[in-house]
Amino acid sequence: MDVEKEKRAALVSALGESFECFEEVPLQHALFSRRTVRADILAVPKDERLASYAFAFEVKQPDTTWDYSAWARAIRQATDYIYASIQPKGPAAMYAGRRITAAFMFPAPPVDPEGRRLDKGPYVRPDTSVMVTGVFHMALHLRVGRAYWEDDRHGRRFRLDFGPNPVWCSRRGFRDQGINLVAGKRTLGSQRIEIRSELDGWGGAVGTGASD
């Protein structure tokens, strides 16, 4: 039984017309090139500023029994998608060779750095909410974030965040900070490097001039 089928469909619907989405996409691992991992959802942004990038989503079935260690294991799994390349077979074959530059967990818990939220959300134990926030804060440096619905005074919107940093939302699209995080330079030891120039399979140039 495919227990995540409904959640995958809900995620594709939430991403709306801003992304081209595919389910269960095989990826060649960036380091272990003989190994294949499978993204639950692959999303290609339609925003021209990210025209040659792709995102992967790890879809889970969390509940309030999940503590920080359960989320940490799920995040570790999502890190295997980062810089993996789309394989020339399967539903996204037309994007073969393109690399994954960000991964997101769906659904995901709220971040609560000071432990002040009264509503901890449906996906986290209240006694470990600060530690869950900590693992997602660390995950942003690995380019793994959260995909979730948020209600505010203007209504409901779907968000992609790295830790506390907004990347994209259904109401406003990509944020400048989010593009910097997705497409900018990365730290390697004490150096700042352009990932695009180090790895193949990116497609056309994206002139963001961004850094994180």
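See the structure shown above.
Criteria and cut-off values
- Residues numbered from 1 in each chain as written.
- Predicted model: local features only at pLDDT ≥ 70, side-chain atom pairs only at ≥ 80, totals over all residues.
- Heavy atoms only, no water.
- Helix = DSSP H or I, 4+ residues; strand = E, 2+ residues; numbered from the N terminus.
- Buried < 20%, exposed > 50% of the residue type's maximum accessible area, 1.4 Å probe, protein only.
- Contact = heavy atoms within 4.5 Å.
- Areas by Shrake-Rupley, 256 points an atom, 1.4 Å probe, with all protein chains shown as cover.
- 1 Å grid on protein atoms, 1.4 Å probe; cavity = no way out; pocket = protein on both sides within 12 Å on 5 of 7 lines; lining within 4 Å.
- Points joined across faces, edges and corners; volume = space filled by probe spheres on them.
- Core = buried A, V, L, I, M, F, W, Y, C linked by side-chain atoms within 4.5 Å.
- Salt bridge = Lys/Arg side-chain N within 4 Å of Asp/Glu carboxyl O.
- Phe/Tyr/Trp six-rings, centres within 6.5 Å; stacked < 30°, edge-to-face > 60°.
- Expected span 1.5 Å × (residues − 1).
- Arc of directions from axis to C-beta.

Colleague: Run through the overall build of the protein, naming residues and quoting values.
Modeller: Check the secondary structure of the protein and you find five helices and 11 strands. With the C-alpha coordinates aligned to their principal axes, the bounding extent of the protein is approximately 45 × 45 × 35 Å. Counting the 212 residues in the protein, one finds 49% classified as buried. Taking the contacts inside the protein whose residues are at least 6 apart along the sequence as the reference set, 58% of them involve residues at least 24 apart. Looking at the protein as shown, the accessible area adds up to about 10900 Å², and 49% of this sits on carbon and sulfur atoms.

Colleague: Describe in detail empty space enclosed by the protein, supporting the description with residues and values.
Modeller: The tally for this structure, following the rule as stated, stands at one cavity of 30 Å³ or more. In this model, the largest cavity occupies a volume close to 70 Å³. Taken together, 13 residues line the largest cavity, and the ones lying closest to its centre are T101, V182, A183, G184 and I195. Ranked by residues supplied to the lining of the largest cavity, first place goes to helix α4 (residues 176–183) with three residues.

Colleague: Go over the nonpolar core, please, and point to the residues and values.
Modeller: A general trend in soluble globular proteins is that nonpolar side chains are found buried together. Ranked by internal contacts, the top residues of the largest apolar core, which has 34 residues, are L27, L42, Y81, I86, I100 and M105. Those elements that provide at least two residues to this core are β1 (19–28), β2 (36–45), β3 (54–59), α2 (68–79), β5 (100–106) and α3 (129–140). Looking at this core element by element, the count peaks at five residues for α2. Setting aside residues up to four positions removed in sequence, Y81 forms contacts with L27, V37, R38, A39, D40, A56, F57, E58, I100 and A103. Among the nonpolar cores identified, the runner-up in size contains 26 residues, and I41, F158, V167 and A183 belong to it.

Colleague: So what about the pattern of salt bridges? Which residues, and what values?
Modeller: For the structure on display, the rule yields 13 salt bridges. Between R49 and D47 there is a salt bridge; the shortest N-O distance is 2.8 Å. Owing to a relative accessible area of 36%, R49 belongs among the partly exposed residues under this scheme. When the shortest N-O distance is used, the salt bridge between R157 and D152 registers 3.5 Å. When its relative accessible area of 14% is taken as the criterion, R157 is described as buried. Judged by relative accessible area, which is 28%, D152 ranks as partly exposed. Three or more residues are tied together by salt bridges with common partners; here these are R146, E150, D152, R157, R159, D161 and R171.

Colleague: Could you give an account of the packing of aromatic side chains, naming the residues involved and the relevant values?
Modeller: Tallied over the entire structure, the rule returns 12 aromatic pairs. A centroid spacing of 6.0 Å and a plane angle of 50 degrees characterise the contact between F19 and F55, whose relative ring orientation is tilted. Residue F19 is found in strand β1, and its partner F55 is found in strand β3; the two are separated by 36 residues along the sequence. We note that F19, like F55, is buried. Aromatic side chains F104 and F162 sit 5.3 Å apart centroid to centroid with 10 degrees between the ring planes, which places their arrangement in the stacked category. Of this pair, F104 sits in strand β5 while F162 is found in strand β7 (residues 155–162), placing the two residues 58 residues apart along the sequence.

Colleague: Outline α2, supporting the account with residue identities and numerical values.
Modeller: Over its 12 residues, α2 extends 16 Å from the first C-alpha to the last, a length consistent with the 16 Å expected when each residue adds 1.5 Å. Those residues of α2 that sit buried are A70, W71, A74, I75 and A78. Along the long axis of α2, the arc covered by the buried residues comes to 135 degrees, so they all point the same way.

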